[in-house]
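Remarks on the overall topology
Residues per chain are reported as follows:
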Amino acid sequence: MIEMKNVMKKYPNGVIAINGLDIKIKQGEFVYVVGPSGAGKSTFIKMMYREEKPTQGTIMINGINLAKLKMSKVPMLRRNIGVVFQDFKLLPTLTVYENVAFALEVIEENPKNINKKVMEILDLVGLKHKAKMLPTELSGGEQQRVSIARSIINTPKLVIADEPTGNLDPETSWDIMNLLEEINNRGTTIIMATHNKEIVNTIKHRVIAIESGRIVRDEQRGEYGYEG
Ligand code: ADP
Ligand code: ADP
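Residues numbered from 1 in each chain as written. Chains lettered and ligands numbered in written order. Predicted model: local features only at pLDDT ≥ 70, side-chain atom pairs only at ≥ 80, totals over all residues. Heavy atoms only, no water.

Applicable threshold: UniProt positions are given in the numbering used here, feature names are shortened, and annotations may be inferred rather than shown by experiment.
Looking at an unreviewed UniProt entry, one finds the protein chain named Cell division ATP-binding protein FtsE, with Niallia nealsonii as its source organism. The record held by UniProt for the protein chain lists under Subcellular location (unreviewed entry) the comment "Cell membrane". Checking UniProt for the protein chain, the heading Function (unreviewed entry) contains the comment "Part of the ABC transporter FtsEX involved in cellular division."

So this is what it looks like as structure tokens:
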């Protein structure tokens, strides 16, 4: 589903964040992206939803080359990729329900179906009863659940998560991981950048380690491999 070939990313200030990266990821995989701070993990991830454009190389996602994708086609790409951030990025003036409904690309769907879909997803993440609350009225873990609900509302084949547990306490982090596992078990590919050694070493998945913009390790059911 994802294939990167000879990808290089040089920022305008001259920093080469990704340097000659090749990778293939199949539909349904769960992939951890690990490595020291400044290694290029965020850049790697941002290129997959076209937040950053590669300077060189090709990034194919389901047959579309992101390096050549026109600006006008970016919204369509984003609709098919769910993104989860460390700091949740919820809209503070909208309720939980509205934050999720807002992300739903409404293509002549009748309001009843929209309501049904949003409530189903909120039920899945365990927050149906908090639909009317504002993000500020929720705990960090609950806010991350809303952000995960938002990321899957358009039933994407791929969910990208950049340090999704980075702002959460250990217990809440495991809850969020269980939710991501459940989404993965339904066939959705998950790519997750993380510094959480405990999680990587306990819930085993493919591990890609990036250092100085290159993949230095790629193992099925791998280990975190760094000090926690
Ligand atoms: P990581 O996520 O592994 O910490 P990043 O991808 O954020 O790594 O950063 C890789 C390198 O690129 C770092 O040297 C960082 O300072 C640099 N970098 C990241 N974003 C930008 C940017 N927008 N402009 C310039 N340099 C950047
Ligand atoms: P994280 O560690 O959570 O990935 P960073 O601190 O690396 O976040 O980056 C925060 C933001 O600042 C990102 O949008 C990144 O692109 C940008 N950034 C990071 N390093 C630089 C840099 N050297 N110059 C300009 N922007 C940067």
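1. Some points on the nonpolar core
Defined as follows: Take the buried Ala, Val, Leu, Ile, Met, Phe, Trp, Tyr and Cys residues and link them wherever side-chain atoms come within 4.5 Å; each set so joined is a nonpolar core. Only protein chains enter the accessibility calculation, which uses a 1.4 Å probe; a residue whose area is less than 20% of its type maximum is buried, one above 50% is exposed, and one in between is partly exposed. Only DSSP runs of H or I covering at least 4 residues are called helices, and only runs of E covering at least 2 are called strands; the numbering of each starts at the N terminus. Delimitation of the domains relies on an automatic or database domain assignment.
Counting 41 residues, the largest nonpolar core has Tyr32, Val34, Val118, Leu122, Met177, Leu180 and Met192 as its most contacted members. Among the elements that make up this core, the one with the highest residue count is helix α6 (residues 170-185) (5 residues). Here this core spans two domains, since at least three of its residues come from each of domain 1 (1-80 + 156-228) and domain 2 (90-155). In terms of nonpolar packing, the next biggest core, distinct from the first, is built from 30 residues, Met47, Leu66, Ile81 and Phe85 among them.

2. Concerning the pattern of salt bridges
Applicable threshold: Any Lys or Arg side-chain nitrogen located within 4 Å of an Asp or Glu carboxyl oxygen qualifies as a salt bridge.
Scanning the entire structure with this criterion turns up 10 salt bridges. Residues Lys116 and Glu120 are paired through a salt bridge, measuring 3.3 Å at the closest nitrogen-oxygen approach. Of this pair, Lys116 and Glu120 are both found in helix α4 (residues 111-124), 4 residues apart, which corresponds to roughly one turn of the helix. For Glu120, a relative accessible area of 47% corresponds to the partly exposed category. For Glu182, the salt bridge is made with Arg186, and the minimal N-O distance between the two is 3.9 Å. A residue is classified by how much of its surface remains accessible, and Arg186, at 59% relative accessible area, is exposed. Residues participating in the shared-partner salt-bridge network are Glu29, Arg206 and Asp218.

3. Quick look at the packing of aromatic side chains
Formally: Centres within 6.5 Å are what make two rings of Phe, Tyr or Trp a pair, Trp counting through its six-membered ring; a difference in plane orientation under 30 degrees is then read as stacked, over 60 as edge-to-face, and the rest as tilted. Each ring is checked for a lysine NZ or an arginine CZ that lies within 6 Å of its centre and within 35 degrees of its normal; such an atom marks a charge sitting over the ring.
Taken as a whole and judged by the stated rule, the model has 3 aromatic pairs. Ring centres of Phe30 and Tyr32 lie 5.3 Å apart, and the angle between their planes is 55 degrees; this geometry places the pair in the tilted category. You'll find Phe30 and Tyr32 in the same group, each marked buried. Ring geometry for Tyr224 and Tyr226: centres 5.8 Å apart, planes at 75 degrees, overall edge-to-face. For the pair formed by Tyr224 and Tyr226, the shared burial category is buried. Here Lys89 stacks its cationic end above the ring of Phe85, 5.0 Å away from the centre of that ring.

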